[in-house]
Amino acid sequence: MTPSPVFDKEKLTALAAAHGTPLFILDHEVIRRNYRLFREHLPRVQCYYAVKANSSQPIIETLFAEGASFDVASYNEFMQVYRYIKHYEPTAKKHYVWDKIIFSNTIKDAQTLRKIKPYKPLVTYDNADEVKKIARHCSTAGLVLRLKVPDTSSQVELSSKFGAEPADALELIRLAGEAGLGVEGLSFHVGSQCVNADNYVEALAVTAEIFNAARNRGYPLNIVDIGGGFPVPYTPEVTPFERLAPVISGEIERLFPADIEILAEPGRFMVATAAVVVSEIIGKARRDGKVFYHINDGVYHSYSGVVFDHWLPNFSAFRDGPREICAVVGPTCDSFDKITLSADLPADLEIGELLYTENIGAYSIASATRFNGFEGAKIVHVNRHKDE
Ligand SMILES: Cc1ncc(COP(=O)(O)O)c(C=O)c1O
């Protein structure tokens, strides 16, 4: 991944001057680049962008124009995507919704199931009660069984909450059939920001075993969904995607028939590097000897990933000065609102000066609140159209 042309200090300063702070700047050219990189290195894999990573509508629009499909977690996200495909309906093939949307929240409430029933959706499940619920409220659905797989060393683990034990998989496929539902394939998620390629290798091996066993019993599985988790180069130690992708595609070629569909649900990978936040120092104090910069954005707002995503934030200043390890904290009255206690920054910055944070496009504004009445950052989209 290469840095965006908009993210040099001069341009950031100009955008902050034009729009004010806090400012969340999203570069759509970087999103397009990330999508193309993914497609180039995993050409057999259809990319379903996980809308949860950043559900800003222009991102969906940009990725839709690139040819992406989408992974949604709720009815609202479903509708954020469906608006682009509803005109397909009269002429399109039977499963046109499946080509563009997978509903990959394994637990869906009855009301949601009833609302998506008319669209004949593709949905994931991982337990017997969900089968009953889907059969009752959304009998038109195609099913994908999500498996529990290793998520060792991933920044966000998911397997403690989702995924069927591999030993239960065949029985869950049988139960779905008995309930009149068709199981189309298998899925997994190796944990978000997965820096351990072995997780993918093991997950694919487990999936292949179940896939073959199910086909041998006559279940016509046709989809393998390798989930998200594709890592972002937050630090130089992260294995580049270009090195991870051949490992994944090699295993796919080795383990699965050539004529099945391979899906993935990358979220973070598409958007993390596409955003920068510019904030302003609104207060400064020395507390127990350490410089505390109070800024106008915080963990209840753009930096919510520090809490929900276990994300380690980065801060840069727009000028040099004598450096110290400083704290950077948010604007709310909560002492929990400390973004970091270990930012290596010039210690002589003054109130009114700006800071910026890179690689903050994923799981940031998606989980921001309006706590204490602060609106949060203004979002500015740059390079939204290819010829900008
Ligand atoms: C089911 C599912 N798919 C995809 C994703 C996206 O994962 P990532 O952002 O790691 O690519 C998530 C993230 O939580 C998820 O729960």
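Thresholds applied
- Residues numbered from 1 in each chain as written.
- Predicted model: local features only at pLDDT ≥ 70, side-chain atom pairs only at ≥ 80, totals over all residues.
- Heavy atoms only, no water.
- Helix = DSSP H or I, 4+ residues; strand = E, 2+ residues; numbered from the N terminus.
- Expected span 1.5 Å × (residues − 1).
- Buried < 20%, exposed > 50% of the residue type's maximum accessible area, 1.4 Å probe, protein only.
- Arc of directions from axis to C-beta.
- Core = buried A, V, L, I, M, F, W, Y, C linked by side-chain atoms within 4.5 Å.
- Domains from an automatic or database assignment.
- Contact = heavy atoms within 4.5 Å.
- Axes fitted to C-alpha atoms, helices over the stretch in contact; angles between N-to-C directions.
- Parallel < 35°, antiparallel > 145°, perpendicular 65-115°, else oblique.
- Left-handed = near helix turned anticlockwise from the far one by under 90°.
- 1 Å grid on protein atoms, 1.4 Å probe; cavity = no way out; pocket = protein on both sides within 12 Å on 5 of 7 lines; lining within 4 Å.
- Points joined across faces, edges and corners; volume = space filled by probe spheres on them.
- Nonpolar A, V, L, I, M, F, W, Y, C, P; charged D, E, K, R; others polar.

Undergrad: So what exactly am I meant to see when it comes to helix α10 (residues 241–255) here?
TA: Along an α-helix, a turn takes 3.6 residues, which lines up residues three or four apart on a common side. With 15 residues, α10 ought to run about 21 Å at 1.5 Å a step, and its terminal C-alpha atoms sit 21 Å apart, in line with that. Those residues of α10 not exposed but buried are Phe241, Leu244, Ala245, Ile248, Glu251, Ile252 and Leu255. Seen from one end, α10 has its buried residues packed into an arc of 135°, which puts them on one side. The outward face of α10, more than 90 degrees from its buried face, is lined by the exposed residues Arg243 and Arg254.

Undergrad: What should I look at first to understand the nonpolar core in this one?
TA: Grouped together as the largest cluster of nonpolar side chains are 107 residues, with contacts concentrated most on Phe38, Tyr125, Ile173, Ile226 and Phe230. The dominant element in this core, judged by the number of residues it contributes, is helix α9 (residues 197–216), at 7 residues. Residue-level mapping places this core at the junction of two domains, with at least three residues from each of domain 1 (28–271) and domain 2 (273–382). Residues within four places of Tyr125 in sequence aside, it is in contact with Thr106, Glu130, Val131, Ile134, Leu143, Val144, Leu145, Arg146, Leu172, Ile173, Ala176 and Val183. In this structure, Phe7, Leu23, Leu354 and Val380 belong to the second largest nonpolar core, which totals 12 residues.

Undergrad: Quick question: what am I supposed to make of the packing of α9 against α10 here?
TA: Two measures define how a pair of helices packs: the angle their axes make with one another and the distance between the axes. For the pair α9 and α10, interaxial distance at closest approach is 10 Å and the crossing angle is 15°. Put simply, α9 runs roughly parallel to α10. Note on packing geometry: the crossing formed by α9 with α10 is right-handed. Every residue of α10 that contacts α9 at Ala197, Tyr200, Val201, Leu204, Ala205 and Ala208 is listed here: Leu244, Val247, Ile248, Glu251, Ile252 and Leu255.

Undergrad: Is there a simple way to think about the layout of surface pockets in this case?
TA: Rolled over the atoms, a probe with the dimensions of a water molecule shows which regions are left empty. Volume-wise, the largest pocket comes out at about 690 Å³. In terms of lining, the largest pocket is formed by 32 residues, of which the most central are Lys52, Val156, Leu158, Phe162 and Tyr363. Two domains each put at least three residues into the lining of the largest pocket: domain 1 (28–271) and domain 2 (273–382). Size it by volume and the second largest pocket reaches roughly 340 Å³. Tallied by class, residues from the lining of the second largest pocket come to 5 nonpolar, 8 polar and 1 charged. When residues of the lining of the second largest pocket are assigned to domains, at least three fall in each of domain 1 (28–271) and domain 2 (273–382).

Undergrad: Which parts of the structure should I look at to understand empty space enclosed by the protein?
TA: The tally for this structure, following the rule as stated, stands at 1 cavity of 30 Å³ or more. Taken as a whole, the largest cavity encloses approximately 30 Å³ of empty space. Here the residues of the lining of the largest cavity are counted per class, giving 1 nonpolar, 5 polar and 2 charged.

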